[in-house]
Each structure stands twice: as structure tokens, then as C-alpha cells.
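# Working through the structure, step by step
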Amino acid sequence: MASPAPAPAPFCPKRILVTGGAGFIGSHLCKRLVNEGHDVICLDNLFTGDKLNIAELLTRPNFEFIRHDIVDPIKLEVDQIYNLACPASPPHYQYNPIKTMQTSVLGIMNMLELARHLNCPILQASTSEVYGDALVHPQRENYWGNVNCAGIRSCYDEGKRAAETLLFDYNRMYKTKVRVVRIFNTYGPNMHPYDGRVVSNFIRQALNNEPITIFGSGDQTRSFQFVDDLVEGMVRMMNNTNDFIGPVNLGNPGEFTIKQLAEMVIRMTGSQSQLVYRELPGDDPCRRRPDNSLAREKLGGWQPVVQLEQGLERTIAYFRSINANLAHYRPPTKNF
Ligand SMILES: O=c1ccn([C@@H]2O[C@H](COP(=O)(O)OP(=O)(O)O[C@H]3OC[C@@H](O)[C@H](O)[C@H]3O)[C@@H](O)[C@H]2O)c(=O)[nH]1
């Protein structure tokens, strides 16, 4: 007779720190972890994050918010750390590039020291920008990248690269349990309407019948991942039991030109907006698409399930819901 299936392991709530937890991706991660019953500490300096993203969570007993900048050390008792704190949109990370570098390097050092002291796993939100203006396509994790160390994107690209180096060195020197995910372009509800990235710009512009700003010819490509798919990959990576430390790409392999994206957004919103062409920012990568084989292999067959049109529908619905409240949001790069 076949032996009965083993009983599922009992759920064990963890104390989880999410830095950048009031930001776009961080708020989705916090929500997922809170709904799973974990005790979540969300830490954010609110430079690009927004308390509205976590307003619902603030009423939950297993969620707390601390306003803090990870450039300064902090002592907390937790079982896991997700490090997402860093402005991620080009205009925001270029606003104060020295601060961006400090956040990437000093911030991760503070978090790594905390993880070492607590002997707990730490997951770093790295980025597809570590590949720079990639010369191989699609990008696999073993590609070392084509990155300018002296350009206007360097503060972010090199900051995230240095952060990766620190994580792997902490792992080699101190056996710190590190996890590194390289996040490709991600979109969804809770993006700041003045985020400056292409999806949020195009949707905001389309809903307000303003010109859609295409940088360069619009023939450059990106692969857009819906935020829920990313969060699923991050949680699987954190909890993988194979001691797989990465780096691992998390992105949707569907590749679109920026012009295609603009046309899709105009069609889906029924907008009267016209396309206008602006200068391409320096070092803007030409093509980007993840090779996801490693994530599929190591993270239990993980792959994105939300296609661009479906994800855009949900994002457009979110932007419609906040459009009446646009005045609440200020571009974080403007002093006031
Ligand atoms: O209004 C706009 C905004 C952006 N763009 C273009 O759209 C493309 C995508 O731009 P985004 O700013 O959304 O994102 P980028 O791919 O340049 O950078 C992103 O890469 C990966 C992530 O880690 C980061 O979130 C972000 O830096 C670029 O070619 C950009 O020039 C426009 O054509 N118009």
C-alpha cells in the first residue's frame, strides 16, 4: 500500500524586513508577505516611495512602518531581509547621483552587517542595468555587461554592480546567506505617476490626452514584467532551499519597441494623444530581454504569467483610479 503523503510543513510566520517597502515593488512585496501572515517591517525614507502605497497595510497588526534611510545603520531583530531601497527610475536616480551611489553601496553594507549579525538571509534587488548597453542578446546571468563607469547612468549601474560584489564577498568571507535577483523593467499599480519611467509616463500622458514623449526613434526595445510575476520570483528566490544565491534574472521575455508600447497604450486608453519625439538620454540601452532559463531551473519552474496587454489593463485601471488625486503626487525630483 502506498504510504500517505507527508503532512505539509506547519506555517511558521517570520519577521521580515523590506527596505524600500513603500515604493512601487516594495509595497507589493509587503502586501504579499502580510497576507501570508508574516510580521513585516517596512523601512523607507519616502524619497520616491509613498505612504499611500501602504495605507491599507498600516491598519494591519502584522505590519509596521519605519521612516529611515538605509545609508544610516539600524538595528532590528528579523529573520529575513529584502533590500529594495534605491530610486530606480533614471530621472530619480540621476537627481542626486552621489546619494544613489551611497544608497547602493553604504546602504547594502549596513544591511549586510545586519544580516551577518543576525545570521539571516538577505535578498538584494539588483537590476538588468548591470548589463548596461548589452552586446549580447538576450542577456544571461553569465554575461558581464557593457557598462560605462563615467556616464549619467553609472551611479545606478555601477552602484548596483558594486552592491552585487559586496553580497558575493560577504557570502565568500562570512557565509552570509545572500540572494541576488536582477530585475528587468517592471510595471504595475503603485507606480508613481511622476515616476519618469516609460510605462507610467505613457499611461499618465495618454489618460490626460497629453503628448506621448518618445525618446530617440522609439525603436529601442524593453521587456516588460508585471509586478506580481516579479514578487512571486523574489519570494521563491528568498525561500529556495538549494542554497542558490544567484544572480538570477527575473523578467518577462516578451520584447517590444518603445513605439509599440506607445501605440498599445493609446489604443487601450482610447486617447487622443499624439507621439512627440525627444532626444534619447545618454547611455540609454538599445535592446533588453532576459534569458530566464536559470530562474526556471532553480526556482521551481518560475516564469512570468501576465502578458503585457493584461498587465497594462490593470495598470491603466490603477492610474484612472488615482488620476483625480494627481495633485497628491509631486515629482520627487522637484524641490518644494
Ligand atoms: O517618457 C519616456 C520615458 C522613457 N522612454 C524610453 O523608454 C525606455 C525605457 O525607459 P525607462 O526609464 O522606463 O527604463 P530603463 O530601461 O531606461 O531603465 C530601467 O531599467 C531597469 C530598472 O532596474 C530600472 O527601473 C530602470 O532604470 C528607454 O529607452 C527610455 O529612453 C521614453 O521613450 N519616453
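None of the values given here were measured: they were computed from a predicted structure.

Bringing the site of the ligand into the picture now. Around the ligand lies a shell of 24 residues, among which Thr-127, Glu-129, Arg-197, Arg-222 and Asp-284 are the nearest. With respect to the ligand, the backbone of Ala-88 contributes an N or O atom lying 3.0 Å from an oxygen atom. Within the side chain of Glu-129, a nitrogen or oxygen atom sits 2.3 Å from an oxygen atom of the ligand. Across the complex, the protein chains shield 96% of the 670 Å² of accessible surface that the ligand would expose by itself. When residues of the shell around the ligand are traced back to their parent elements, those giving at least two are helix H2 (90–93), helix H5 (198–207) and strand S8 (212–215).

Residues annotated by UniProt as "domain: NAD-dependent epimerase/dehydratase" (unreviewed entry) correspond here to residues 16–243. Along residues 16–243 one finds 36% helix and 18% strand; the C-alpha atoms at either end are 19 Å apart.

The subject of this paragraph is the nonpolar core. Within soluble globular proteins, side chains that are nonpolar tend to cluster in buried spots. Formed by 60 residues in total, the largest nonpolar core has its most connected members in Tyr-82, Met-234 and Leu-312. Beyond its immediate stretch of four places on either side in the chain, Leu-312 contacts Tyr-187, Val-199, Ile-203, Leu-261, Met-264, Val-265 and Met-268. Of all hydrophobic cores here, the second largest spans 24 residues; its members include Leu-17, Leu-118, Leu-166 and Tyr-170.

Now for the pairing of strand S5 (residues 122–127). For S5, the tally of buried residues reaches six of six residues, placing the bulk of the element in the interior. Side chains Ile-122, Gln-124 and Ser-126 project from S5 onto one buried face, and the interleaved Leu-123, Ala-125 and Thr-127 project onto a second face that is buried too. Summarising the sheet, S5 and strand S6 (residues 178–183) pair through six bridges and their orientation is parallel. Following the sheet pairing, Ser-126 is matched in S6 by Arg-182. Once you follow S5 into helix H4 (residues 154–174) and on to S6, the crossover reads as right-handed.

Our focus in this paragraph is the pattern of salt bridges. One pass over the full model with this rule turns up 19 salt bridges. Notably, a salt bridge pairs Lys-99 with Asp-69, separated by 2.5 Å at the nearest N-O pair. Linking Lys-99 in helix H3 (residues 97–118) with Asp-69 in the loop between strand S3 (63–67) and strand S4 (80–83), this pair joins segments that are 30 residues apart in sequence. A salt bridge links Arg-153 to Asp-284; its shortest N-O distance comes to 3.8 Å. Taken together, the positions of Arg-153 in the loop between S5 and H4 and Asp-284 in the loop between strand S13 (275–278) and helix H8 (293–298) put the pair 131 residues apart, joining distant regions of the chain. When sorted by exposure, Arg-153 lands in the same class as Asp-284, which is buried. Via salt bridges that share partners, Arg-32, Glu-36, Glu-232 and Arg-236 belong to a single interconnected network.

On to the sheet that holds strand S11 (residues 248–250). Strands sit in the order S3-S2-S1-S4-S5-S6-S11 across an open sheet of seven strands; the sheet is parallel. The open sheet terminates on both sides in strands that have one partner only, identified here as S3 and S11. The average undirected angle you get between the axes of adjacent strands in this sheet is 20°. In this sheet, S5 lies alongside S4 in parallel orientation, the contact comprising three bridges. Its bridge partner being in S5, Tyr-82 is matched across the sheet by Leu-123. This element, helix H1 (residues 24–35), spans strand S1 (15–19), strand S2 (39–44), S3, S4 and S6 of the sheet and lies at about 170° to S1.

Averaged over all residues, the pLDDT of the protein is 95; the fraction at 70 or higher stands at 98%. Here the predicted complex scores 0.96 on pTM and 0.98 on ipTM.

Let us now look at the environment of Val-78. Among the structural elements, Val-78 can be located in the loop between S3 and S4. By relative accessible area, which is 4% here, Val-78 ends up buried. For the pair Val-78 and Val-40, spaced 38 residues apart in sequence, the C-alpha separation works out to 9.0 Å. When neighbours within four sequence positions are excluded, Val-78 is seen to be in contact with Arg-15, Ile-16, Leu-17, Ile-41, Leu-118 and Cys-120.

Thresholds, definitions, all that
- Residues numbered from 1 in each chain as written.
- Predicted model: local features only at pLDDT ≥ 70, side-chain atom pairs only at ≥ 80, totals over all residues.
- Heavy atoms only, no water.
- Near = heavy atom within 4 Å.
- Polar contact = N/O pair within 3.5 Å; in protein donor to acceptor, adjacent residues only side chain to side chain.
- Areas by Shrake-Rupley, 256 points an atom, 1.4 Å probe, with all protein chains shown as cover.
- Helix = DSSP H or I, 4+ residues; strand = E, 2+ residues; numbered from the N terminus.
- UniProt positions renumbered as here; feature names shortened; annotations may be inferred.
- Core = buried A, V, L, I, M, F, W, Y, C linked by side-chain atoms within 4.5 Å.
- Buried < 20%, exposed > 50% of the residue type's maximum accessible area, 1.4 Å probe, protein only.
- Contact = heavy atoms within 4.5 Å.
- Pairing = 2+ DSSP bridges.
- Right-handed = clockwise from strand over helix to strand, strands pointing away.
- Salt bridge = Lys/Arg side-chain N within 4 Å of Asp/Glu carboxyl O.
- Axes fitted to C-alpha atoms, helices over the stretch in contact; angles between N-to-C directions.
- pLDDT = per-residue confidence, 0-100.

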